[in-house]
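# Structural overview
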Amino acid sequence: MTAATTTNAALFDRAQAAIPGGVNSPVRAFRSVGGTPRFLVSARGPYVTDAEGREYVDLVAGWGPAILGHAHPEVIAAVQDAAARGLSFGASTPVETELAELIEQRVAPVEKLRLVSTGTEATMSAIRLARGFTGRDLLVKFAGHYHGHSDGLLAEAGSGLATFALPGSAGVPAEVAALTLVVPYNDLHALRAVFAEHGERIAAVITEAAAANMGVVPPLPGFNRALVELAHAHGALVISDEVLTGFRVSKAGWWGLESGTDAEYTPDLVTFGKVVGGGMPVAALGGRAEIMERLAPLGPVYQAGTLSGNPVAVTAGVTTLRLADDAVYAKLDEVAVLLQREVSAALAAEGVAHGVQRAGNLFSFLFGDAVVGGARDYAGVLAQESWRYAPFFHAMLDAGVSLPPSVFEAWFVTAAHDDAAVTRILDALPAAARAAAAATPAVA
Ligand SMILES: Cc1ncc(COP(=O)(O)O)c(C=O)c1O
Ligand SMILES: NCC(=O)CCC(=O)O
């Protein structure tokens, strides 16, 4: 390893002078945990390495895409091969159809699919399509769910907005914000009330297939199904956002986990991102052919992109999905279960009251007596002692384990988390649990 020639602190100073907050996405800024963000220079398998030459076991996984671990040799080789043939054509390529077919084969509600570059674009376009299809304007979303940063979706959103306690965003016209109705998650009663009042004006309900941007909050059994039935009874569509869960929690995403059970549901539109790009900018919206065919050039709903279906990025996605076989998903599940158990045991050993939240192989922890039974919505999540997370996070980081820098984010495992990586995490836990136990709330 080459000797470090700079420090994270120096890089952060320089970044802050050139880039707002020193980051290109707010969740990277360490604002809620304090300290200096690590500037990463490389990643391989379950590890990331910072500019000081320090290696960390990674439980962020690029915020989800790296199910195989970082820089999987076959993915890198395929990307290098694609790159050597040209970076972007602005024309159709065979590999785009391959990715669309692969997704359609696995997720039955997706009959037709269009590729875009980010999850934000996928949900934004799905909403326009739902409005164009239904001829209605209102959108229903759930508090604590995050669907990217387009104007209509930032109200009571999760991810960075939860981390920074923002109720929404400046710059969103009141007229636009008024078109989004926010309902507590897992609350069919509240959803029924919204439909009773506004049913004829609601174009769609958008929901994370399993919520994972306020920490993890799974849907109650049958919730997705009931919400589809309710929406359809009122002529509204359901957009199931699988940007985070898609091809991470199973070969067919969250839909795959519930299909074939009593809770099976059929959303009208589904959005994907993260894993479908294998770490490169690919996302997608798909769904019923009748709806998808309203998109230009077939229909009147306009949607486009210079870089949509970029050949290098799509190659990373296709290769990742093809390599993610049953053994990969079994490994993700195994590591997730082990870490849930061991983190919980370490916290319990230090007397830290906590709840464990899980949805497939996604999981997170809630701190405090109020949440030992878990949380089923955003208000439940906010009832925790979130101030216990920063010292826990920093103790793990000091011991060489990189967690999401917010208590409101899921932990992401990879299939490359082998015994050595897991052992390093387990070794770090006792001190981190002690730090969480000793934490005190900040005084204003
Ligand atoms: C459920 C969900 N939807 C949408 C998005 C937005 O995706 P992107 O950050 O690629 O715009 C994210 C994550 O960022 C997400 O977790
Ligand atoms: N779970 C939150 C995200 O994945 C968001 C990442 C980002 O906005 O940078």
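Let me begin by describing the structure that accompanies this report. (Residues numbered from 1 in each chain as written. Chains lettered and ligands numbered in written order. Predicted model: local features only at pLDDT ≥ 70, side-chain atom pairs only at ≥ 80, totals over all residues. Heavy atoms only, no water.)

### Thoughts on the overall build of the chain
Rules: Only runs of H or I of at least four residues qualify as helices and only runs of E of at least two qualify as strands under DSSP, and these elements are numbered from the N terminus. It is over C-alpha atoms that the radius of gyration is taken, and the globule rule equals 2.2 Å times the number of residues to the power 0.38. For every residue, the accessible area obtained with a 1.4 Å probe (protein chains only) is divided by the maximum for its type, and the residue is called buried under 20%, exposed over 50%, and partly exposed between those limits. In this analysis, two residues are considered to be in contact whenever any of their non-hydrogen atoms come within 4.5 Å of each other. Note that His is not counted, nor are the chain ends; the positive residues are Lys and Arg, and the negative ones are Asp and Glu. For the purpose of locating charges, the reference atoms are NZ of Lys, CZ of Arg, CG of Asp and CD of Glu.
Counting its secondary structure elements, the chain contains 15 helices and 13 strands. For 444 residues, the compact-globule formula gives about 22 Å, and the C-alpha radius of gyration of the chain, at 21 Å, lands near that figure. With respect to the principal axes defined by its C-alpha atoms, the chain has extents near 55 × 55 × 45 Å. The buried share of the chain, taken over its 444 residues, is 54%. Across the chain, the fraction of contacts at a sequence separation of at least 24, relative to all contacts at a separation of at least 6, is 74%. Placing the 30 positive and 44 negative side-chain charges of the chain at their respective mean positions leaves the two points 2 Å apart.

### Structural notes on helix H15 (residues 419–438)
This is how it is decided: Multiplying 1.5 Å by the helix residue count minus one yields the expected span of that helix.
When the terminal C-alpha atoms of H15 are compared, their 30 Å separation across 20 residues agrees well with the 28 Å that a helix rising 1.5 Å per residue should span. For H15, every residue scored as buried is listed here: Ala-421, Val-422, Ile-425, Ala-428, Leu-429, Ala-432, Ala-433 and Ala-436. Along its buried surface, H15 packs onto strand E2 (47–50), strand E3 (55–58), helix H12 (326–349), strand E12 (362–367), helix H14 (389–398) and strand E13 (401–402).

### With respect to the site of ligand 2
Rules: For each residue, the test is whether any non-hydrogen atom lies within 4 Å of the molecule or strand; if one does, the residue is near. Polar contacts, as counted here, are pairs of nitrogen or oxygen atoms within 3.5 Å of one another; within protein the pair requires one atom able to donate a hydrogen and one able to accept it, and residues that are adjacent in sequence qualify only if both atoms are side-chain atoms. For every accessible area listed, the method is Shrake-Rupley and the probe measures 1.4 Å; residues are considered covered only by the protein chains on display.
Around ligand 2 sit Ser-25, Val-27, Trp-63, Ser-159, Asn-213, Leu-244, Lys-274 and Glu-409, and those are all the residues in its vicinity. The contact in question runs from a nitrogen atom of ligand 2 to an N or O atom on the side chain of Asn-213, over 2.5 Å. In this structure, Lys-274 approaches ligand 2 through a side-chain N or O atom, which is 2.5 Å from an oxygen atom. In the complex, the protein chains occlude 86% of the 280 Å² of accessible area that ligand 2 would expose alone.

### Here's the deal with the site of ligand 1
Convention followed: Gly is put with the polar residues, along with every residue not named as nonpolar or charged; the nonpolar set is Ala, Val, Leu, Ile, Met, Phe, Trp, Tyr, Cys and Pro, and the charged set is Asp, Glu, Lys and Arg.
Near ligand 1, the surroundings consist of Thr-118, Gly-119, Thr-120, Tyr-146, His-147, Gly-148, Glu-208, Asn-213, Asp-241, Val-243, Leu-244 and Lys-274. The backbone of Gly-119 places a nitrogen or oxygen atom 2.9 Å from an oxygen atom of ligand 1. Calculation on ligand 1 without its partners gives an accessible area of 380 Å², and the protein chains cover 82% of this total. Grouping the constituent residues of the shell around ligand 1 by class yields three nonpolar, six polar and three charged.

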